[in-house]
Amino acid sequence: MEQKDLSLYLHIPFCAKKCAYCDFLSASADKITYDLYIQSLLGEIDAYRGSALSQRKVKTIFIGGGTPSILPAEAIAKLLQKIKSVFHISDKDWGTIEISMEMNPGTVTYEKCLQYRDGGINRISIGLQSACDEELKLLGRIHDYQTFLDTFQSVRKAGFENVNVDLMAALPGQTIHSYTESLQKVIALSPEHISAYSLIIEEGTPFFERYREGGEAFGELPDEETERRMYRITQEMLAGAGYGRYEISNYARKGRECLHNEVYWRRGDYLGLGLGASSLIDHIRYKNEENLAQYLSYWKERQQEKLQDTSRRKNSERSCHSHIVPIYDEYYQTELCKLTAEDEMAEFMFLGLRMMEGVSPQEFFACFGKDLMDVYGNQIEKHLSLGLLAWKDDETEVCHTDAYHTDAQSANTRQVDIQHTDSRQINARQSYRKENGYQQEGRLCLTPDGIDVSNAIFVDFL
Amino acid sequence: MSTIDQSKIRNFCIVAHIDHGKSTLADRIIEMTGLLTEREMQAQVLDNMDLERERGITIKAQTVRTVYKAKDGEEYIFNLIDTPGHVDFNYEVSRSLAACDGAILVVDAAQGIEAQTLANVYLALDHNLDVFPVINKIDLPSADPERVKEEIEDVIGIEAHDAPLISAKNGIGIEDVLEAVVQKIPAPTGDPNAPLAALIFDSVYDSYKGVIVFCRIKEGCVKRGTQILMMATGAKADVVEVGYFGAGQFIPCEELSAGMVGYITASIKNVRDTMVGDTVTDAQNPCSEPLPGYKKVNSMVYCGMYPADGAKYPELRDALEKLQLNDAALHYEPETSIALGFGFRCGFLGLLHLEIIQERLEREYNLDLVTTAPGVVYKVYKTNGEMIELTNPSNLPDFSEIDHMEEPIVSAEIMVTTEFIGSIMELCQERRGVYLGMEYMEETRALIKYDLPLNEIIYDFFDALKSRSRGYASFDYELKGYQTAELVKLDILVNREEVDALSFIVHKDSAYERGRKMCEKLKEEIPRHLFEIPIQAAVGGKIVARETIKAMRKDVLAKCYGGDITRKKKLLEKQKEGKKRMRQIGNVEIPQKAFMSVLKLDDKK
């Protein structure tokens, strides 16, 4: 059987300062901790040497955080070299795989960027979030817009031709006007890729505490309708500037879609390395130890064992696991969750539908041996009748345009007519069968209205 | 145990207005008579339902036996029966009183006589009990025991000059109360050699012992092996165990004889065989006629109760059966709703009773319930001369078949400090009350009398009363009779579909207002869907109010990368779990609490 490709994710859990809205696993730390962490991470990568996973073809690498760019460039280069050797990546292949790294403005110089490039990085993702200094301050970011510009120029000057800029909508104090301005400024810089998220106030963040009690003093949050308009504007403006939306929050010039993230949405196998990193390998999801002290001491101990070579037995036990799956033993707290067929079908739907290309019944059948309409027929027909899902063939790009609901107010008038639902559903099914058959290529995807309420749609596939 | 001298037994209860310190006094008595050490003493021993402790009220009558060594050097057996104070539980009180020979009346030294003080005293006097007063909370700064004594003598007409002045909370004067029990409460009478006659005043179901019957032995005696006969149901059983009540436990003994209060277990399997109020006698040597039981109580308030999970219907039925065993005021019969499936139409004494039953079902029986809007019993006179008693609005005949309808009216007495008379009268007028008169109890307090339609007070009247009197008004009512009224059925349509479980009967004049509030409330309760949902209120097919739940516009997970997937999936699962707990009506998911929302149409004035 042909081995599945593998993507690698390296987590760098450090930031100069934690942002007020951030719920990712990250914190600020000192240089000694950085060093210890890099040693541990090198050890973790090395633990896969000779394993079955290391035989797989590496498709993409992503170094995320936190702020990976806070580490010295040499550290990044060292990590990549380790990966290259453990996973048997030839020089020829090295240049062809997508190797991304996240970067925050104000943490790099032109020289550092050059070193990243030499180390193997070929895609940079910069966390701008907003081009308005006022908004950046409210977010608790350490940079202003000018700092970002400097960083962006350094990245370009160092020769990076695949750059993403992260933007955020629905920020405290943000208006349609200021958001549009941020978008325009970014478009003017012409990055290859733009991610536009809306701020989600997550539990456990300072923002959550702040806005639970009103929080107007910290800048009012845009209302739902404004947020929705921001989403629509993003799509319109970026489409006008030549960026295609390929996922709910991601836009790219043709051919510059982030391959690594597509692996997540297409449920390809990926191995997460580092603190709290997640993996999906052969239908099992894993999660690494999340406590930094535990993580560091575990890898320190293993390093020493290796040097002394005292506990052969333990090592051999370990290796029988680590040859097939991510490191998993009683000392290293890795959670694991074996996915059932239902889990996988649900994931297939809610991850696949995030992409504008949607999901195909053929692929569904190939994965699960079941007919998509037999499993999810009711849900699909319900959302088809509500105009939230649509079938499209490969030629007509229904989902990329607003062809379905050009009226931005359409959701207001959206309603189900009880008398007609049944016949409509039957019609939808019949037309689907007639037009698409089961052999013909056809894909199910979100309409623009569907994107706005995608969560509520995904719930039905669980 | 040797035979107990009847003259050394005291069977008594404590009656009081709610919050006047009845349960606290009971605790002190138990403590003082050494039944429990202080360490074992948990505040309010007799309120052993979690619910009672939390709400600070007594729902079920509880009984406990203690031994008191009096100043005369003799040991007395006290059977103390704690009783509920709320008007909804009058029936419970009445049952307990039948087991007693006397009562302690607890009156708050600051508040004096309240509506339920009177109601409970009259109930006790009705049962021929000797009542003596105790003035509690004398340590309060606002205490005025002399005034309260005077009030007791004037209003109730019982002697109060030597009433013990106590603070149950701080243990002051408890000894005096115990002595007064010995001296003022008569010893029971009854011939231990006569044929057995015992009054069932309560019963509980125990999974090991079966039905445990609580009774007061009026005549004769009962012991292990006696074959007993329940006179009303005709059921026979052999006694397995008799005993009396420790604090929170059953203590077996040799026999129970005339004058004693205790329990009997007799491998009785069917809970229906032991009716509260029935007389237990010796099957071999029966008494000539049963003891007078209690008058049957009629439910005043009805509502539908449905299991949230339809598969739990049999469990709900069993739970109701068991609750009814020691709550004869609870009535139920099966019914079916299009929206809610199989359930029961249940009858209650009042709204608090309803709430308590609902909470007990949920807590003690682990059932998730959907409860429909409570209603009263209407009399519907049809054009063909037939009369039906309507407890479920869905069964209202077609408009054209109805000649007229009658609704229950209650006589209400509201005790209030004079400054709030105006606002309370205004409230009563709004609720279609008919003013009967007012009596000044003393300078600052008055008793207002109104006739009020019951359906106007079962929703939020009590809350409104409290809020308009800053908590000072107290309220008591009793059913007066039926009166013709212009009543209509208000239907609620969700997404153009009538939801039977949301229909209710309302006076024609308030139909519009109620309908409007109901729509507003449902708009709050029903989450936004992916499509627009009209909510309409209709009377006889005519729409009288409408609200619209706008379609959901925005619900996006902004990011979803490798590390987020498991977490985001959990979020979606949580969202789905929430949906599962809703009722599907057509395409609309309605949260279960929406069915109770009619209860909370409170006017925030």
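Check the entry above for the structure.
Right, let's walk through the structure included here.

What counts, and at which threshold
- Residues numbered from 1 in each chain as written.
- Chains lettered and ligands numbered in written order.
- Predicted model: local features only at pLDDT ≥ 70, side-chain atom pairs only at ≥ 80, totals over all residues.
- Heavy atoms only, no water.
- Helix = DSSP H or I, 4+ residues; strand = E, 2+ residues; numbered from the N terminus.
- Buried < 20%, exposed > 50% of the residue type's maximum accessible area, 1.4 Å probe, protein only.
- Contact = heavy atoms within 4.5 Å.
- Areas by Shrake-Rupley, 256 points an atom, 1.4 Å probe, with all protein chains shown as cover.
- Phe/Tyr/Trp six-rings, centres within 6.5 Å; stacked < 30°, edge-to-face > 60°.
- Lys NZ or Arg CZ within 6 Å of the ring centre and 35° of its normal.
- Disulfide = S-S within 2.5 Å.
- Core = buried A, V, L, I, M, F, W, Y, C linked by side-chain atoms within 4.5 Å.
- Pairing = 2+ DSSP bridges.
- Axes fitted to C-alpha atoms, helices over the stretch in contact; angles between N-to-C directions.
- Buried area = accessible area lost by both parts, 1.4 Å probe.
- Salt bridge = Lys/Arg side-chain N within 4 Å of Asp/Glu carboxyl O.
- Polar contact = N/O pair within 3.5 Å; in protein donor to acceptor, adjacent residues only side chain to side chain.
- Nonpolar A, V, L, I, M, F, W, Y, C, P; charged D, E, K, R; others polar.

### So, the overall build of chain A
Part 1 of the argument: Counting its regular elements, chain A contains 19 helices and 14 strands.
Part 2 of the argument: Burial statistics for chain A: of 462 residues in total, 57% are counted as buried.
Part 3 of the argument: Sequence separation of at least 24 residues holds for 74% of the intrachain contacts in chain A that already meet a minimum separation of 6.
Part 4 of the argument: When the accessible surface of chain A is split by element, carbon and sulfur atoms take 51% of a total near 19700 Å².

### A short note on the overall build of chain B
Part 1 of the argument: Along the backbone of chain B there are 13 helices and 32 strands.
Part 2 of the argument: The burial tally for chain B puts 59% of its 605 residues in the buried class.
Part 3 of the argument: When the accessible surface of chain B is totalled, it reaches about 25200 Å², and 47% of it is carbon and sulfur.

### Some thoughts on the packing of aromatic side chains
All names here are of chain A.
Part 1 of the argument: In this structure the tally under the stated criterion is 31 aromatic pairs over all chains.
Part 2 of the argument: Taking the centre distance of 5.2 Å and the plane angle of 85 degrees together, the rings of F14 and Y37 count as edge-to-face. Pair noted here: F14 is in the loop between β1 (6–12) and α1 (31–46) and Y37 is in helix α1, with a separation of 23 residues, a long-range link.
Part 3 of the argument: Among the aromatic residues, those joined into a cluster by ring pairs are F14, Y34, Y37, Y295, Y298 and W299.
Part 4 of the argument: Stacked on the ring of Y110, the Lys or Arg K157 has its end atom at 4.5 Å from the ring centre.

### Structural notes on the state of the cysteines
Part 1 of the argument: Enumeration according to the criterion identifies zero disulfides over all chains in this entry.
Part 2 of the argument: Summary of cysteine pairing: C15(A) is not part of a disulfide, and the nearest cysteine sulfur, belonging to C22(A), is at 6.3 Å.
Part 3 of the argument: No disulfide involves C13(B); its nearest neighbouring cysteine sulfur is the one of C100(B), lying 3.8 Å away.
Part 4 of the argument: Residue classification places C13(B) among the buried residues on the basis of a relative accessible area of 0%.

### Comments concerning the nonpolar core
Part 1 of the argument: Judged by nonpolar contacts, the single largest core of 136 residues is most densely connected at M349(A) and L361(B).
Part 2 of the argument: In this view, M349(A) contacts V359(A), F364(A), L372(A), Y376(A), L444(A) and F461(A); residues no more than four positions away in its chain are not counted.
Part 3 of the argument: Formed by 75 residues, the second largest nonpolar core is a distinct cluster that contains L6(A), F87(A), I187(A) and L271(A).

### Quick word on the sheet that holds strand β19 (residues 369–371) of chain B
Backbone-to-backbone hydrogen bonds join strands into a sheet, with any given pair of strands oriented parallel or antiparallel.
Residue and element names in this part refer to chain B.
Part 1 of the argument: Pairing within the open sheet is antiparallel, and its four strands lie in the order β17-β18-β16-β19. Bordering the open sheet on either side are β17 (331–337) and β19, each of which pairs with just one other strand. Within this sheet the neighbouring strands show an average axis-to-axis angle of 30 degrees, counted without direction.
Part 2 of the argument: Two elements, β17 and strand β18 (residues 341–348), share seven bridges in a ladder whose sense is antiparallel. Bridge assignment links P334 to a residue of β18, and that residue is F344.
Part 3 of the argument: Sheet contacts for helix α8 (residues 351–364): β16 (301–307), β18 and β19; angle to β16, the most-contacted strand, approximately 15 degrees.

### Description of the environment of M103(A)
Residues and elements named next belong to chain A.
Part 1 of the argument: Its place among the elements puts M103 in strand β3 (residues 98–103).
Part 2 of the argument: Judged by relative accessible area, which is 2%, M103 ranks as buried.
Part 3 of the argument: Not counting residues within four places of it along the chain, the set of residues in contact with M103 comprises S69, V108, C113, Y116, I124, S125, I126, G127, T151 and V155.

### Observations concerning the interface of chain B and chain A
The extent of an interface is frequently quoted as the accessible surface area lost upon association of the parts.
Part 1 of the argument: Listed as interface residues are 32 residues of chain B and, on the opposing side, 51 residues of chain A.
Part 2 of the argument: A combined buried area of about 4000 Å² lies between chain B and chain A, and 53% of that area is made up of carbon and sulfur atoms.
Part 3 of the argument: One can count six salt bridges joining chain B with chain A.
Part 4 of the argument: The closest approach of N and O atoms between K568(B) and E202(A), which form a salt bridge, is 3.5 Å.
Part 5 of the argument: The tally of links from chain B across to chain A stands at 14 residue pairs in polar contact (both at pLDDT 80 or more).
Part 6 of the argument: Considered class by class, the residues forming the side of chain B that touches chain A number 11 nonpolar, six polar and 15 charged.

So, to be careful, I would describe these as geometric facts and stop short of saying anything about function.
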